[in-house]
Amino acid sequence: MKSDVVRQIANELNWHLIDLRLTRMDSTDLSGLPYLHEESKQTIFYLPEFLPTEQMIQDWGKDGCIIFLDELSAVEQRLQSVCYELILDRKIGKYTVPSNVMIIAAGNRICDGAVSYEMGSAISDRFIHFDVMTSIQSWMKWASYREDLGRGIVPAVKAFLQARPEFLDEGFKSVTDNDDKINPSPRSWEKISNILEKITDEQKLKIILPGILGSAASHEFFFAIEELGSLAPMSEYIRLGIAEDDEAIKNILPTKITGLYGLGYSLPAYCKTEEDFVGACYVFNVLGSIQDNLPRKEILVTSVITLFTKAQKIDNKKLPHKICKSPAYKTMREEHMHAFADLKTV
């Protein structure tokens, strides 16, 4: 996940990314291979081709470059020494790092339980240090970023984690008697999403998922999948929304938080036409109008943001504008103005 953060930074800056997975490298992969020059009788080092030059950056059509040293704290001492030269001196042999190249490193802490070694103060002082912490808000933003790249997270995973954010990582241990050796992580949920896109057989999933999430988390996730599987067809929600049939919509709305979040992600994914989006607006208005103890305000706002994000991808300007002009959307805004008070994008 750390590499995804760096990749997103590079994309936003229009910089090229050189992602070096240091645990797969030997020291000579970075320092270069020695070669005896016959005429001078001197040893010459052939440097790796991936080290960027100003000309290379220009040829890539980028404004700069990031050299990402991943798992710096986990590599053996010889390779660390070469990395130190690159970081401290911005040089390796005769190679000098161009001024428009940024060096970013990442690694696990010793307290994380991963393979990790203490970094010396000489190199630590050259970095600005950030501890990357998991939160459902940042993970959902990352999921939206993936959708922009055409690699979205499936609705079932997003709905489950919105409803049960303690299962994003090991936070659920505080509320369950869990002793699994395997526990969920932000990366494992990405893997689960990829698997659900390819495998639908329930028996196979019940074998595979515990091996990725652990038994406690996968048990809770299967309950969520069953709840999402009980949703009515998305076409039925749209049909009733277009017909403005409040009672019929209420009869098929899910009654649990996971199902409501699932509808909030699945219905926008189904929408393709202006009529679909208007019908979805009406359904979400009914969803938010029911009085109970569920967090309907948060679910309503999340659902509408997802709906407009999908509309913008289809037609960045015209379709969202048409939705805003529809009576269904205007009614929703009027009845739930408090939910949208701090939301300027919708």
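Shown above is the structure to which this text applies.
Residues numbered from 1 in each chain as written. Predicted model: local features only at pLDDT ≥ 70, side-chain atom pairs only at ≥ 80, totals over all residues. Heavy atoms only, no water.

This part takes up the pattern of salt bridges. For the structure on display, the rule yields 11 salt bridges. Between D19 and R7 there is a salt bridge whose closest N-O contact spans 3.7 Å. Here D19 is found in strand β1 (residues 15–21), whereas its partner R7 is found in helix α1 (residues 2–13), with 12 residues between them in sequence. According to the relative accessible area criterion, D19 is partly exposed, its value standing at 25%. In this structure R7 comes out as partly exposed when scored by relative accessible area, which is 26%. Close ionic contact of R21 with D19 constitutes a salt bridge, the shortest N to O distance being 2.9 Å. Of the residues examined, R21 reaches a relative accessible area of 29% and is grouped as partly exposed. Here the salt bridges do not stand alone but share partners, grouping D4, R7, D19, R21 and D70 into one network. (Salt bridge = Lys/Arg side-chain N within 4 Å of Asp/Glu carboxyl O. Helix = DSSP H or I, 4+ residues; strand = E, 2+ residues; numbered from the N terminus. Buried < 20%, exposed > 50% of the residue type's maximum accessible area, 1.4 Å probe, protein only.)

Turning to the packing of aromatic side chains, a few remarks are in order. Each aromatic ring pair is specified by the distance between its two centres and by the angle formed by the two planes. This structure, assessed with the given rule, holds 7 aromatic pairs. Ring geometry for W139 versus W142: centroids 5.5 Å apart, planes at 50°, classification tilted. Of this pair, W139 and W142 both sit in helix α6 (residues 136–148), 3 residues apart, roughly one helical turn. Its relative accessible area of 3% is what places W139 among the buried residues. Taking relative accessible area as the criterion, W142 reaches 8% and is therefore assigned buried. Where F160 meets F167, the ring centres are 5.7 Å apart and the plane angle is 45°; that geometry is what we call tilted. Put simply, the rings of F160, F167, W189 and F221 pair up and form one aromatic cluster. Positioned over the ring face of F222 is K206, at 5.9 Å from the centre of the ring. Positioned above the aromatic ring of Y270, the side-chain terminus of K272 is 5.5 Å from the ring centre. (Phe/Tyr/Trp six-rings, centres within 6.5 Å; stacked < 30°, edge-to-face > 60°. Lys NZ or Arg CZ within 6 Å of the ring centre and 35° of its normal.)

All right, on to the pairing of strand β2 (residues 33–37) then. As paired elements, β2 and strand β3 (residues 42–46) share 5 bridges and run antiparallel to each other. The residue bridging P34 from the neighbouring strand is F45, located in β3. A loop of 4 residues connects β2 with β3, the two strands running antiparallel in sequence, and K41 in this loop sits at a positive phi of about 60°. (Pairing = 2+ DSSP bridges.)

Its identity is not glycine, yet N14 carries a phi of approximately 60°, on the positive side. With respect to the element layout, N14 can be found in the loop between α1 and β1. Relative accessible area serves as the criterion here: at 29%, N14 is assigned to the partly exposed category. Phi at R90 is positive, roughly 55°, even though this residue is not glycine. Residue placement: R90 occurs in the loop between α4 (77–89) and β5 (91–92).

Our next topic: the sheet that holds strand β4 (residues 64–70). Reading across from one edge, β1-β4-β7 is the order of the 3 strands in this open sheet, with parallel pairing throughout. Where the open sheet ends on each side, the last strands, each with one partner, are β1 and β7 (101–106). Ignoring which end each strand starts from, the neighbouring axes of this sheet average 20° apart. Sheet topology note: the β4/β7 ladder contains 6 bridges and is parallel. Residue I67 lies in a different strand from β7, and its bridge partner there is I103. (Axes fitted to C-alpha atoms, helices over the stretch in contact; angles between N-to-C directions.)

Here we come to the nonpolar core. Counting residues in hydrophobic clusters, the biggest one holds 61 residues, and the most contacted among them are W139, V157, W189, I192, F221, Y237 and L267. With 8 residues, the top contributor of residues to this core is helix α15 (residues 274–289). Dropping the residues within four chain positions of it, F221 is found in contact with A156, V157, F160, W189, I192, L196, L209 and L213. (Core = buried A, V, L, I, M, F, W, Y, C linked by side-chain atoms within 4.5 Å. Contact = heavy atoms within 4.5 Å.)

With that settled, consider the environment of G214. Mapped onto the fold, G214 is located in the loop between α10 (210–213) and α11 (215–229). Between the alpha carbons of G214 and Q58 there is a distance of 47 Å; along the sequence they are 156 residues apart.

Along the chain, D26 turns up in the loop between β1 and α2 (27–31). Residues D26 and E274, spaced 248 residues apart in sequence, show a C-alpha to C-alpha distance of 56 Å. Setting aside residues no more than four positions away along its own chain, D26 makes contact with R78 and L79. Only 3.1 Å separates the side chain of D26 from the side chain of T28, close enough to count as a polar contact. (Polar contact = N/O pair within 3.5 Å; in protein donor to acceptor, adjacent residues only side chain to side chain.)

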